[in-house]
Amino acid sequence: MNKRKVPKFPYRKRLELRVALGRASWSAAVLSALAFCGAPSDSIFSPNSYSILDGLRAQLQEAHAAGDADAIATMFDPAGSLQLPQEPAVVGRASIRSRYAELFEDFLVNLAMFAVESSVRDGRVVDRGTFNLILTPRAGGPNVQSTGEYSLAGYLGDGGVRVEELRFESAS
């Protein structure tokens, strides 16, 4: 193992850093430094951040597949907003529930969300990515498909994430 001394700092103690050449040792040194510094529990460095957002996306996709307007509406803040592709924004939990109830009355919905950028920091949640939405008419007929980008903003609330804004921008 190679030893390298770090120059003296204008502090009382001298700092010596021992780093072995090699990728595994370097990774261990970086992880040790992060552990020593102590990253906040709700920062993007926390493995829990991604599981929170993965769980939220899974809940949204499952509720769409099940046609559960109530489950989707309860994920939103009471003053939250939703913008479906090529439609005006819907504001308020009750309005969001009504819009989804109408949608589920006429269509079976298959929603797939793929995250591109996600973060949970200081209690705030941001998730952006792409989506694929397939609407199958209950009365029969051709499917309606929409793809594009989504953005979600919210906060950590009682028992999970509360969505303040969910926006779907259609590319097709």
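Look a little higher up for the structure.
Here's what I pulled together on the structure shown here. Please read all numbers here as calculations on a predicted model, not as lab measurements. (Residues numbered from 1 in each chain as written. Predicted model: local features only at pLDDT ≥ 70, side-chain atom pairs only at ≥ 80, totals over all residues. Heavy atoms only, no water.)

## Focus on the overall build of the protein chain
And step 1. Helix and strand content of the protein chain: four helices and eight strands.
And step 2. Secondary structure elements of the protein chain occur, N-terminal to C-terminal, as β-β-α-α-α-β-β-α-β-β-β-β.
And step 3. For the protein chain, with 172 residues in total, the buried portion stands at 31%. (Helix = DSSP H or I, 4+ residues; strand = E, 2+ residues; numbered from the N terminus. Buried < 20%, exposed > 50% of the residue type's maximum accessible area, 1.4 Å probe, protein only.)

## Re the environment of G160
And step 1. Along the chain, the position of G160 falls in strand β8 (residues 160-170).
And step 2. Given a relative accessible area of 28%, G160 falls into the partly exposed group.
And step 3. Along the backbone, G160 and L56 are 104 residues apart, and their C-alpha atoms lie at a distance of 8.4 Å.

## Section: the nonpolar core
And step 1. L82, Y100, L166 and F168 are the most contacted members of the largest nonpolar core, which has 29 residues in total.
And step 2. Of all the elements in the fold, those that place two or more residues in this core are α2 (47-66), α3 (69-74), β3 (76-83), α4 (93-106), β5 (107-121), β6 (124-137), β7 (144-157) and β8.
And step 3. Apart from the residues lying within four places of it in its own chain, the contact partners of L166 are L60, F76, S81, L82, Q83, S151 and L152. (Core = buried A, V, L, I, M, F, W, Y, C linked by side-chain atoms within 4.5 Å. Contact = heavy atoms within 4.5 Å.)

## What to know about the pattern of salt bridges
A side chain with one charge may pair with a side chain of the opposite charge, provided their charged atoms come close.
And step 1. Enumeration over the complete set of coordinates arrives at nine salt bridges.
And step 2. When the shortest N-O distance is used, the salt bridge between R57 and D54 registers 2.2 Å. With R57 and D54 both in helix α2 and three residues apart, this pair spans about one turn of that helix.
And step 3. Its relative accessible area of 42% is what places D54 among the partly exposed residues.
And step 4. Its salt-bridge partner being R124, residue E164 comes within 2.5 Å of it at the nearest N-O pair. Remark: R124 occurs in strand β6 and E164 occurs in strand β8; sequence separation between them is 40 residues.
And step 5. Residue class for R124 comes out partly exposed when judged on its relative accessible area of 40%. (Salt bridge = Lys/Arg side-chain N within 4 Å of Asp/Glu carboxyl O.)

## Some thoughts on the packing of aromatic side chains
And step 1. One pass over the structure, following the stated rule, counts two aromatic pairs.
And step 2. Aromatic pair F131 and F168: ring centres 5.0 Å apart, planes at 80 degrees, arrangement edge-to-face. Note that F131 is positioned in strand β6 and F168 in strand β8, a separation of 37 residues in sequence.
And step 3. We classify F131 as buried; its relative accessible area is 3%. (Phe/Tyr/Trp six-rings, centres within 6.5 Å; stacked < 30°, edge-to-face > 60°.)

## Some thoughts on unusual backbone geometry
Peptide bonds are, in most cases, trans, and in most cases residues other than glycine have a negative phi.
And step 1. Within the chain, Q86 stands out as a residue other than glycine whose phi angle is a positive 60 degrees.
And step 2. Structurally, Q86 is set in the loop between β3 and β4 (90-91).
And step 3. Unusually for a residue other than glycine, D122 sits at a positive phi of about 55 degrees.

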